Amino acid sequence: MAGTTYLITGANKGIGRAMVQQLLQRANNTVVAGVRQPDDPTSASLCDLPVAENSRVVVLQLRNPADFEALPTRLGRNSITRIDTVVANAGNSSGLDKSLLQTDPEDVVGDCTINAAGPLRLFRATWPLLEASLKQASSLPAARFILVSSTMGSIGVQDTESMPVGTSYGMSKAAANWFAKKASIDFKAQGLVVGVLHPGWVQTSMGQALADALGMKEPPITADESARYCLGQIDDWTMDKTGKFLTYKGQELPW
Ligand SMILES: NC(=O)c1ccc[n+]([C@@H]2O[C@H](COP(=O)([O-])OP(=O)(O)OC[C@H]3O[C@@H](n4cnc5c(N)ncnc54)[C@H](OP(=O)(O)O)[C@@H]3O)[C@@H](O)[C@H]2O)c1
């Protein structure tokens, strides 16, 4: 298995899709695009994206616990025996437009299931494949697990930039950040690089939902711009930066 293998969740639209599109424009990449509904037109059209020499996309359903548990076997059927970079990008919120008092505790449970338990589930499923990458590391950059999080999950940022809405989302991303920090410490000795990335405020369905909640026209950057900056950070995420929380432009954020 030559080249570099990426797995990106939430790949059918938004920032995840833009990352898949840009990685496929580089030669020698295998990109596993994790989606909830492979038959949805947004997912199926991933197979029509332009592809550079020796690159390919594999669209895979990642929806039910069983999909994750069977991941190594399912990838094996596509001759994929390792993953070099996992990007835990899938995310959602049912409470982006709600203040603290409007937030139902069930919103928190829902957001934490997707945004915090989801990346843990992904990590458990992909660790054997990342470990396989680490075993071949002499010719590759270190294996990486990158969590796409948000400044809204930063406890430190709240002192200067607290939003009036998005309580359940912020709580879920804070929990996800804790998981990623923990993974960075627990897996450092094995050589795994773990990073937490804020992708900017981006023109996607989620970014627009926040703009609507705040009465603003639209977020400042496109998904393509965000993905370009994010991939730049991911390419450069070496062991000296494991366990860091960075913006898409590389600025370090407080937890
Ligand atoms: N946009 C921003 O301004 C912004 C800012 C900071 C952080 N982020 C983070 O960036 C990441 C990507 O978001 P985006 O802006 O690209 O939003 P998006 O366009 O709404 O895309 C979200 C992706 O996550 C998937 N997803 C949603 N719920 C899921 C679930 N329960 N299980 C599996 N996949 C699920 C969606 O799949 P379906 O199409 O099937 O729903 C979609 O592929 C998220 O983690 C988000 O929190 C975004």
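Anything mentioned here points back to the structure above.
Residues numbered from 1 in each chain as written. Predicted model: local features only at pLDDT ≥ 70, side-chain atom pairs only at ≥ 80, totals over all residues. Heavy atoms only, no water.

### Looking at the overall build of the chain
A tally of helices and strands in the chain yields 9 helices and 7 strands. For 255 residues, the compact-globule formula gives about 18 Å, and the C-alpha radius of gyration of the chain, at 17 Å, lands near that figure. Each principal axis of the C-alpha distribution contributes one length, and for the chain these read about 50 × 40 × 35 Å. Across the 255 residues in the chain, those meeting the buried criterion constitute 50%. The centroid of the 23 positive side-chain charges in the chain is displaced by 6 Å from the centroid of its 24 negative side-chain charges. (Helix = DSSP H or I, 4+ residues; strand = E, 2+ residues; numbered from the N terminus. Rg over C-alpha atoms; globule rule 2.2 N^0.38 Å. Buried < 20%, exposed > 50% of the residue type's maximum accessible area, 1.4 Å probe, protein only. Lys, Arg positive; Asp, Glu negative; His and termini not counted. Charge placed at Lys NZ, Arg CZ, Asp CG, Glu CD.)

### Quick notes on the environment of Ser99
In this structure, Ser99 sits in the loop between β4 (85–88) and α5 (105–135). The partly exposed category is assigned to Ser99, whose relative accessible area is 23%. Residues Ser99 and Val165, 66 residues apart in the sequence, show an inter-C-alpha distance of 4.3 Å. The contact partners of Ser99, leaving out residues within four places of it in the chain, are Pro164, Val165 and Thr167. (Contact = heavy atoms within 4.5 Å.)

### As for the site of the ligand
Residues in contact with the ligand amount to 25 residues; listed here are only the nearest, Asn12, Arg36, Asn89, Tyr169 and Thr204. Thr204 has a polar side-chain atom sitting 2.5 Å from an oxygen atom of the ligand. Between Ser205 and the ligand, the recorded distance is 2.9 Å, taken from a side-chain N or O atom to an oxygen atom. Relative to its free-state accessible area of 890 Å², the ligand is covered by the protein chains to the extent of 88%. Secondary structure elements with two or more residues in the shell around the ligand: α1 (14–24), α7 (167–186) and α8 (205–213). With 3 residues, α8 is the largest single contributor of residues to the shell around the ligand. (Near = heavy atom within 4 Å. Polar contact = N/O pair within 3.5 Å; in protein donor to acceptor, adjacent residues only side chain to side chain. Areas by Shrake-Rupley, 256 points an atom, 1.4 Å probe, with all protein chains shown as cover.)

### A few points about unusual backbone geometry
In this structure, Asn28 is a non-glycine residue whose phi angle is positive, near 65°. Within the secondary structure layout, Asn28 lies in the loop between α1 and β2 (29–35). Residue Asn54 is not a glycine yet carries a positive backbone phi of 65°.

### Details of the packing of α5 against α7
Where α5 contacts α7, the axes come no closer than 8 Å and their chain directions differ by 20°. One way to sum up the angle between α5 and α7 is to call them roughly parallel. The hand of the α5/α7 crossing is right-handed. Packed against α5, whose contacting residues are Asp107, Val108, Asp111, Cys112, Asn115, Ala116, Pro119, Leu120 and Phe123, the element α7 presents Ser168, Tyr169, Met171, Ser172, Lys173, Ala175, Ala176, Phe179 and Ala183 at the interface. (Axes fitted to C-alpha atoms, helices over the stretch in contact; angles between N-to-C directions. Parallel < 35°, antiparallel > 145°, perpendicular 65-115°, else oblique. Left-handed = near helix turned anticlockwise from the far one by under 90°.)

### Some details on the pairing of strand β6 (residues 193–198)
In terms of burial, β6 is largely enclosed, as 6 of its 6 residues are buried. Bridge count between strand β5 (residues 144–148) and β6: 5 bridges; the pairing is parallel. Bridging across to β6, Val148 finds its partner in Leu197. One ladder, built from 4 bridges, connects β6 with strand β7 (residues 244–247); its direction is parallel. Looking across to β7, one finds that His198 is bridged to Thr247. (Pairing = 2+ DSSP bridges.)

### Some points on the packing of aromatic side chains
In the structure shown here, the tally under the stated rule is 8 aromatic pairs. Here Phe123 and Phe179 contribute two aromatic rings whose centre-to-centre distance is 5.9 Å and whose plane-to-plane angle is 75°, an arrangement assigned as edge-to-face. Within this pair, whereas Phe123 is found in helix α5, its partner Phe179 is found in helix α7, the two being separated by 56 residues in sequence. Consider the rings of Phe145 and Phe179, whose centres lie 6.0 Å apart with planes at 85°: the pair is edge-to-face. Placement of Phe145 in strand β5 and of Phe179 in helix α7 is noted, with a sequence separation of 34 residues between them. Just as Phe145 is buried, Phe179 falls in that class too. (Phe/Tyr/Trp six-rings, centres within 6.5 Å; stacked < 30°, edge-to-face > 60°.)

### Overview of α8
Gly207, Leu210 and Ala211 are the residues of α8 that are buried. The arc that holds every buried residue of α8, seen down its axis, measures 100°, which confines them to one face. Following α8 by one or two positions, Gly215 has its phi on the positive side, about 70°. (Arc of directions from axis to C-beta.)

### As for the side chain of His198
Checked against the element boundaries, His198 lands in strand β6. Residue classification places His198 among the buried residues on the basis of a relative accessible area of 12%. Residue contacts for His198: discarding those within four places in its chain leaves Ser149, Ser150, Thr151, Phe245, Leu246, Thr247, Tyr248 and Leu253.

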